Amino acid sequence: MMRLTDQAHALIANEFQAGETAIDATAGNGHDTRFLSQLAGQSGKVFAIDIQQQALDQAAVMLQNLEFHNVELICGNHCLLAELVPSEQRGQIGAIMFNLGYLPGGDHAQITQELSTLPAIEAALTLIRPGGIITILAYPGHPGGAAETSAVAALLSQLERSQFKTQLILPNTQSTEAPRLFVVTRLKPASAESSTL
């Protein structure tokens, strides 16, 4: 079975068009940022956000040898997503990625938390275009992760079904501490589909 990160990439690649704008709301070491940059291409744009400068520095290294220079690295809290991304992008973003938890190789005490993650997801819902996709990779296995994951699930369960389709992808394991991938698609007008979450 494909890793959840690879599944997130595959889902986005099916929906996102070259030349569009994407957001990596938790840049981390830059793997998702690099993926989005390659998809966006020369005429596209990627906003990569992280609260830790260390993460952005590592992302910058990851991006050094890319053909395109279409990424803007932003040091800030993802709860301010709507403020960090230019207002003219509202309703225009093709894909937004969240990879929650802590920075691999960084301080494991510094984690994403529901108090900032939920506002960030709510902002993402206003930024995404019809047909656009949001992926949220959550990790309930670390301290604080279970509460954040439950809060994300609760938020997504309340979305208006006529506007958003939600999906939950679990790894091939029975562990309640295993990562999980939430997927949200903003429905196009007259395309109301029922939720699968």
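Predicted model only: the values in this text are computed from it and were never measured.

A. Highlighting the overall build of the chain. Across its full length, the chain holds six helices and seven strands. Ordered by position from the N terminus, the helices and strands of the chain form the series α-β-α-β-α-β-α-β-α-β-α-β-β. Taken against the 2.2 N^0.38 rule, which gives 16 Å for 197 residues, the C-alpha radius of gyration of the chain at 16 Å falls within 12% of a compact globule. In the chain, which comprises 197 residues, the proportion classed as buried is 49%. Counted over contacts in the chain with a minimum sequence separation of 6, partners at least 24 positions apart contribute 74%. Accessible area of the chain: about 9300 Å², with a carbon and sulfur share of 49%. Both charge centroids of the chain, one from 10 positive and one from 18 negative side chains, sit 8 Å from each other.

B. Structural context of helix H6 (residues 145-157). Taking 1.5 Å per residue, 13 residues should reach 18 Å; H6 reaches 18 Å between its end C-alpha atoms and fits that length. Turning to H6, the residues buried within the fold contact helix H5 (114-127), strand S5 (128-138), strand S6 (164-169) and strand S7 (180-186).

C. Layout of the sheet that holds S6. Pairing within the open sheet is mixed, and its seven strands lie in the order S3-S2-S1-S4-S5-S7-S6. Two strands bound the open sheet, and with one partner strand each, they are strand S3 (71-75) and S6. With strand direction ignored, the average angle separating the axes of adjacent strands in the sheet is 15°. Where strand S2 (residues 45-50) and S3 come together, five bridges link them in parallel fashion.

D. Up close: the pairing of S2. With five of six residues buried, S2 is to be regarded as a mostly interior element. Bridging between strand S1 (residues 21-24) and S2 involves four bridges; their strand directions are parallel. Its bridge partner being in S2, threonine 21 is matched across the sheet by lysine 45. Considered for its hand, the β-α-β crossover made up of S1, helix H2 (residues 31-40) and S2 is right-handed. In this region the chain leaves S2, passes through helix H3 (residues 53-63) and returns to the parallel neighbour S3; the handedness of that crossover is right-handed.

E. The environment of threonine 5, seen in detail. Counting through the fold element by element, threonine 5 comes out in helix H1 (residues 4-15). Distance in space between the C-alpha atoms of threonine 5 and aspartate 32 is 8.6 Å, their sequence separation being 27 residues. Setting aside its immediate chain neighbours within four residues, threonine 5 contacts Asn99 and Leu137.

F. Representation of the nonpolar core. Within the largest apolar cluster, 28 residues are counted, with the highest numbers of intra-cluster contacts made by Ile23, Leu81, Ile96, Phe98, Ile134, Ile136 and Leu156. At the level of secondary structure, the elements contributing two or more residues to this core comprise S2, strand S4 (93-99), H5, S5, H6 and S7. Grouped together as the second largest cluster of nonpolar side chains are 16 residues, Phe16, Ala22, Ala95 and Val183 included.

Cut-offs and rules
Residues numbered from 1 in each chain as written. Predicted model: local features only at pLDDT ≥ 70, side-chain atom pairs only at ≥ 80, totals over all residues. Heavy atoms only, no water. Helix = DSSP H or I, 4+ residues; strand = E, 2+ residues; numbered from the N terminus. Rg over C-alpha atoms; globule rule 2.2 N^0.38 Å. Buried < 20%, exposed > 50% of the residue type's maximum accessible area, 1.4 Å probe, protein only. Contact = heavy atoms within 4.5 Å. Areas by Shrake-Rupley, 256 points an atom, 1.4 Å probe, with all protein chains shown as cover. Lys, Arg positive; Asp, Glu negative; His and termini not counted. Charge placed at Lys NZ, Arg CZ, Asp CG, Glu CD. Expected span 1.5 Å × (residues − 1). Pairing = 2+ DSSP bridges. Axes fitted to C-alpha atoms, helices over the stretch in contact; angles between N-to-C directions. Right-handed = clockwise from strand over helix to strand, strands pointing away. Core = buried A, V, L, I, M, F, W, Y, C linked by side-chain atoms within 4.5 Å.

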